[in-house]
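Architecture at a glance
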Amino acid sequence: MSMPNQTFRTRVSEGLQDAYRRNVVGKVQDYFRAMRNNIFEELGNVEEWRERAAQIRSHTIENLDAYLEMFSENIQKNGGHVAFAADAAEANRYIQSVAKQHEVKTVVKSKSMVTEEIHLNGALEDIGVEVFETDLGEFIIQLDNDRPSHIVGPAMHKSKQQVAEIFSKKAGETLPADAQELGRFAREYLRDKFFRADMGITGCNFGVAESGSVVIVSNEGNVEMTSSLPRVHVVVMGMERLVPSWEELDVLISLLPRSATGQRTISYATAIHGPKRENDLDGPEEWHVVIVDNGRSKLLGTKYQQALNCIRCGNCSNVCPVYRHIGGHAYGGVYNGPIGAVITPLMENLPEWKELAFASSLCGACTEACPVKIPLHEYLIELRHDVTETSEDTWSERMVAHLFGTATAHPSLYEMGQKAARLPFLSSAAGPMKAWQENRDLPEPAKQTFRDWWRQHKGGER
Amino acid sequence: MKVALFVTCLADVFFPDVGKSVVQVLESQGVEVVFPPDQTCCGQVTFNSGYWEDSKKSAKHFIEVFENEEYIIAPSGSCASMIRLHYPKLFEDEPNWKKRAEQVAERVYEFSEFLVHVLGLEQLQASFPAKATYHQSCHMGRGLGLINEPLQVLSKVEGLQIEPLPNQEDCCGFGGTFSVKMPEISVAMASEKIKHINESGADLVITSDLGCLMHIGGFAKRQGNGIRMLHVAEVLANQKG
């Protein structure tokens, strides 16, 4: 994750000006909202499901060291290799060394935000390896040198026409803006890469500690090819992505597609238990699982620990009115929407990303929608508090807050302040409320405050 | 029954008619209303901006002013949720204040919540012939879980027809200092809210939060959109005949 070379304000204003994206995000949100509500109601008591899921996640994170140990021991028993990477550089070095060892020329990839986070593609290209994204959305993004704008729908911001233009460049001929045709091109283009690739790299939705298995859910079927066709398969996963056993997986896997895309179930749930065994016909000869920290452990043992409960369904973005209008790129990091606004500053550093905490009206839609009950908007308030405790450049705002706090503790001062609110300065176009009034009218203060009215009409009654 | 009115800063300075309406409605139900004159602000603005030490000053003052009252009524879902949900949290490291904060938190009621759950309001002498829609504010709905209560009391108003508001649970973009710090996003949200209000076909918007009222109303006015906005209490205070 790194800050793009633009200020938050610029990114927001670009997001707001993108009429196509705003329209499509709005439509997708409305669609998901309707789908999700129906599909959730079918489950029965939604709150019980959420509570159970939250308990599973919290329990796992509280005992993460033990489950990581169990998970890695079981992977090794199954014949896999495990590597723990403290940061992006360590993870990339390890994967580069595996690639070099196997003289890898071509890599196919599927389903991984962590590799986006650690900039793995660049690291592989640095050692002369060609990398092909095979999820349709990621494929589009890669061809266009763009960044994902949604956790689940990375290319949601692109129109069919734009995709046709991007694909046409690659195809060397004009392709029609038709979903079937564009899908056919991608399928043909990628099929060749699957067969040619020496290494497959995937992410991991859930690691099952009791068996050392990696579970990946998908809709396109490319995960199967990425993980089974090439000689080497490398799984790159965040260190928090575990469940104790298959029983708990069952609960989370029931909630993930319902929350993510409003699907009752998902097309594929691939469970991988290790490299090819003696009598297996297919499968990789070597299997590596790279478990990445990269800032995650900074949250352990803090008030923000529950943010690690996230199962990356993207539903907080699907309901967020701020995301709806500014889009995913405005958040700057790999993880967008409310969860991005929480974890990006925590995993990286707060001062650099402090504006994200303020890019929320605190409406609470994200918290209400989160299937594992992360108190997202409460965390944003906590982050704001942390910003004021650590930041040095908000002097004028700090003074206003101090004055306000003092005035509210002294009724006579407070009433003086109320009188001052009638001064033209405050409501003038040059005063502190200037930004408010660019597009909105401030109401005129009433001629008589309520308390003055009370004194006059109810005086003596207290 | 005696209740203490916490009028809130927005109502006090900008919308005193809301305070007067609350008094009128409560008195019409035989409730005695007192107004502790030393009251100021609940401290939500500083809390949501991250200045918790300053917010504590406001909260301590509020607690001192109101802690001996049996019922504290606020015509604002957002201020009531600040007191009920956040005061106890603010004083996590000060056990004595935390206890006092929890006591006050238990006694604070949002206006329609009090009418429905404490008074068990049966009848009103109110009439308001209009086609209206109700804006469910976020702190009121998601924060306090008060979604039906305002509609319940509004259903007792003669001549008032409530139309559903598309995407009713969406935030209007006020968010206190959010509307000052992130004006572009805030305005984009207000704009969509207005669109939905227009789609509802209503010519009056009723709400339980004056922040939303000020924001939606302020944006509509600038757009030259003649949307009329009122607080629930103002509608209930409109007497028959």
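Keep in mind that what you see is a predicted model, and the values were worked out from it rather than measured.

**Thoughts on the overall build of chain B**
Summing up its helical and strand segments, chain B has 13 helices and 8 strands in all. In terms of principal-axis extent, the alpha carbons of chain B reach across some 50 × 45 × 25 Å. Out of the 241 residues belonging to chain B, those deemed buried represent 65%. Restricting the contact set of chain B to residue pairs at least 6 apart, pairs at least 24 apart contribute 81%. Surface exposure of chain B reaches about 8,400 Å², of which carbon and sulfur atoms provide 45%. Charge-centre separation for chain B: the mean point of 21 positive side chains lies 3 Å from the mean point of 30 negative side chains.

**Some words on the overall build of chain A**
Looking only at helices and strands, chain A has 24 helices and 10 strands in total. Reported as C-alpha extents along the three principal axes, the dimensions of chain A are approximately 95 × 55 × 45 Å. Here chain A, with 462 residues, has 57% of them falling under the buried criterion. Here the contacts in chain A between residues at least 6 apart in sequence split such that 75% fall between residues at least 24 apart. A total accessible area of about 20,000 Å² is found for chain A, and carbon and sulfur atoms account for 51% of it. Separation between the mean location of the 50 positive side-chain charges and that of the 62 negative ones in chain A comes to 6 Å.

**Brief notes about the side chain of Arg451 of chain A**
Summarising the element assignment, Arg451 of chain A is placed in helix H24 (residues 450-458). A polar atom in the side chain of Arg451 of chain A sits 3.3 Å from the backbone oxygen of Pro37 of chain B.

**Describing the sheet that holds strand E1 (residues 81-85) of chain A**
Hydrogen bonds between backbone groups are what pair the strands of a sheet, and the pairing can be parallel or antiparallel. Residue and element names in this part refer to chain A. The strand order across the open sheet formed by 6 strands is E1-E10-E7-E4-E2-E3, and the pairing between neighbours is parallel. The two strands at the open ends of the sheet, each matched to only one other strand, are E1 and strand E3 (130-133). Going from strand to strand, the sheet's axes swing by 20 degrees on average, the running direction of each strand aside. As paired elements, strand E4 (residues 199-202) and strand E7 (residues 232-238) share 4 bridges and run parallel to each other. The partner of Met199 across the bridge, within E7, is Val232. In this fold helix H10 (residues 179-196) packs onto strand E2 (106-110) and E3, with an angle of close to 130 degrees to the strand it touches most, E3.

**Some thoughts on the domain arrangement of chain B**
Residues and elements named next belong to chain B. Domain annotation for chain B reports domain 1 (2-117) and domain 2 (123-237). Using only C-alpha atoms to locate each centre, domain 1 and domain 2 end up separated by 21 Å. Across the boundary between the two partners, domain 1 contributes 28 residues, which contact 24 residues of domain 2. Both faces considered, domain 1 and domain 2 share a buried interface measuring about 2,100 Å² in area, 69% of it formed by carbon and sulfur atoms. Summed over the shared surface of domain 1 and domain 2, the number is 0 salt bridges. The tally of links from domain 1 across to domain 2 stands at 9 residue pairs in polar contact (both at pLDDT 80 or more). Elements with a contribution of two residues or more to the side of domain 1 that touches domain 2: helix H1 (9-13), helix H2 (16-28), helix H3 (44-48), helix H5 (77-90) and helix H7 (111-119). When its residues are assigned to classes, the side of domain 1 that touches domain 2 shows 13 nonpolar, 11 polar and 4 charged.

**Observations regarding the interface of chain B and chain A**
On the side of chain A, 63 residues touch chain B, which itself brings 63 residues to the contact. Counting the surface lost from both chain B and chain A, the interface buries some 5,900 Å², and carbon and sulfur atoms represent 59% of this. At the boundary of chain B with chain A, the tally comes to 10 salt bridges. Across the chain B-chain A interface, the total number found is 33 residue pairs in polar contact (both at pLDDT 80 or more). When its residues are assigned to classes, the side of chain B that touches chain A shows 30 nonpolar, 17 polar and 16 charged.

**Here's the deal with the packing of H5 of chain B against helix H6 (residues 95-107) of chain B**
Residue and element names in this part refer to chain B. At their nearest, the axes of H5 and H6 sit 8 Å apart, and the two run at 170 degrees to each other. In terms of their interaxial angle, H5 and H6 are classed as roughly antiparallel. Two secondary-structure elements touch here, H5 through Ile83, Arg84, Tyr87 and Pro88 and H6 through Lys98, Ala101, Glu102, Val104 and Ala105. Of the residues that constitute the contact of H5 with H6, the class distribution is 6 nonpolar, no polar and 3 charged.

**Details of the pairing of strand E8 (residues 228-231) of chain B**
The two faces of a sheet get side chains in turn, since along a regular strand they alternate between them. Residue and element names in this part refer to chain B. Of the strand pairs in this sheet, strand E7 (residues 204-207) and E8 are connected by 4 bridges, and their pairing is parallel. Within E8, the residue paired with Thr207 across the bridge is His231. A crossover links E7 with its parallel partner E8, the connecting element being helix H12 (residues 210-222), and its sense is right-handed.

**Things to note about helix H20 (residues 395-408) of chain A**
Taking 1.5 Å per residue, 14 residues should reach 20 Å; H20 of chain A reaches 20 Å between its end C-alpha atoms and fits that length. Among the residues making up H20 of chain A, those that are buried are Ala401, Gly405, Ala407 and Thr408 of chain A. The arc enclosing the buried residues of H20 of chain A, seen along the axis, measures out at 165 degrees, which places them on a common side. Exposed and facing more than 90 degrees away from the buried side of H20 of chain A are Trp395, Ser396 and Leu403 of chain A. The inward-facing, buried residues of H20 of chain A abut helix H21 (411-420) of chain A together with H3 and helix H4 (52-66) of chain B.

**Some details on the UniProt feature "domain: Cysteine-rich" (unreviewed entry) in chain B**
All names here are of chain B. According to UniProt, the "domain: Cysteine-rich" (unreviewed entry) feature falls on residues 3-84 and 133-216. The span residues 3-84 is 56% helix and 11% strand, and its two end C-alpha atoms sit 17 Å from each other. Span residues 133-216 is 49% helix and 15% strand, its end C-alpha atoms 13 Å apart.

**Here's the deal with the packing of aromatic side chains**
For any pair of aromatic rings, the description rests on two quantities: the centre-to-centre distance and the angle between the ring planes. Under the definition given, this model contains 23 aromatic pairs over all chains. Taken together, the ring pairs connect Phe132, Phe139, Phe167, Phe185 and Tyr189 of chain A into an aromatic cluster. In this structure, Arg100 of chain B is placed above the aromatic ring of Trp97 of chain B, and the distance from its NZ or CZ to the ring centre is 4.2 Å.

**Re the domain arrangement of chain A**
Per the domain assignment, the segments making up chain A are domain 1 (57-294) and domain 2 (395-449). One C-alpha centre belongs to domain 1 of chain A, the other to domain 2 of chain A, and the line joining them spans 53 Å.

**A short note on the sheet that holds E8 of chain B**
Residues and elements named next belong to chain B. Taken in spatial order, the 4 strands of this open sheet run E6-E5-E7-E8, and their pairing is parallel. Here the strands that pair on one side only, and so sit at the sheet edges, are strand E6 (158-163) and E8. When strand polarity is set aside, the average angle formed by the axes of neighbouring strands in this sheet is 40 degrees.

**Side note on the side chain of Gln305 of chain A**
Mapped onto the elements, Gln305 of chain A comes out in the loop between strand E10 (286-292) and helix H13 (315-319). Reaching out from Gln305 of chain A, the side chain makes a polar contact with the backbone nitrogen of Gly301 of chain A at a distance of 2.6 Å.

**Details of the confidence of the model for chain B**
On average, residues of chain B carry a pLDDT of 96, and 100% of them reach 70 or more. Among the prediction metrics, the complex's ipTM stands at 0.96, with pTM recorded as 0.95.

**Comments concerning helix H11 (residues 183-200) of chain B**
All names here are of chain B. When the terminal C-alpha atoms of H11 are compared, their 26 Å separation across 18 residues agrees well with the 26 Å that a helix rising 1.5 Å per residue should span. Where burial is concerned, most of H11 is hidden: 13 out of the 18 residues are buried. Looking one or two places after H11, you find Gly201, whose phi comes out positive at around 80 degrees.

**Examining the nonpolar core**
A general feature of soluble globular proteins is that nonpolar side chains tend to end up buried together. Core analysis: the biggest nonpolar cluster contains 119 residues, and Leu124, Met199, Ile201 and Val236 of chain A together with Phe6 and Tyr87 of chain B have the highest contact counts within it. Each residue touching Met199 of chain A, except ones within four places of it in the same chain, is listed here: Ile95, Val98, Ala99, Val104, Thr106, Val107, Val108, Pro230, Val232 and Val234 of chain A.

Cut-offs applied
- Residues numbered from 1 in each chain as written.
- Chains lettered and ligands numbered in written order.
- Predicted model: local features only at pLDDT ≥ 70, side-chain atom pairs only at ≥ 80, totals over all residues.
- Heavy atoms only, no water.
- Helix = DSSP H or I, 4+ residues; strand = E, 2+ residues; numbered from the N terminus.
- Buried < 20%, exposed > 50% of the residue type's maximum accessible area, 1.4 Å probe, protein only.
- Contact = heavy atoms within 4.5 Å.
- Areas by Shrake-Rupley, 256 points an atom, 1.4 Å probe, with all protein chains shown as cover.
- Lys, Arg positive; Asp, Glu negative; His and termini not counted.
- Charge placed at Lys NZ, Arg CZ, Asp CG, Glu CD.
- Polar contact = N/O pair within 3.5 Å; in protein donor to acceptor, adjacent residues only side chain to side chain.
- Pairing = 2+ DSSP bridges.
- Axes fitted to C-alpha atoms, helices over the stretch in contact; angles between N-to-C directions.
- Domains from an automatic or database assignment.
- Buried area = accessible area lost by both parts, 1.4 Å probe.
- Salt bridge = Lys/Arg side-chain N within 4 Å of Asp/Glu carboxyl O.
- Nonpolar A, V, L, I, M, F, W, Y, C, P; charged D, E, K, R; others polar.
- Parallel < 35°, antiparallel > 145°, perpendicular 65-115°, else oblique.
- Right-handed = clockwise from strand over helix to strand, strands pointing away.
- Expected span 1.5 Å × (residues − 1).
- Arc of directions from axis to C-beta.
- UniProt positions renumbered as here; feature names shortened; annotations may be inferred.
- Phe/Tyr/Trp six-rings, centres within 6.5 Å; stacked < 30°, edge-to-face > 60°.
- Lys NZ or Arg CZ within 6 Å of the ring centre and 35° of its normal.
- pLDDT = per-residue confidence, 0-100.
- Core = buried A, V, L, I, M, F, W, Y, C linked by side-chain atoms within 4.5 Å.

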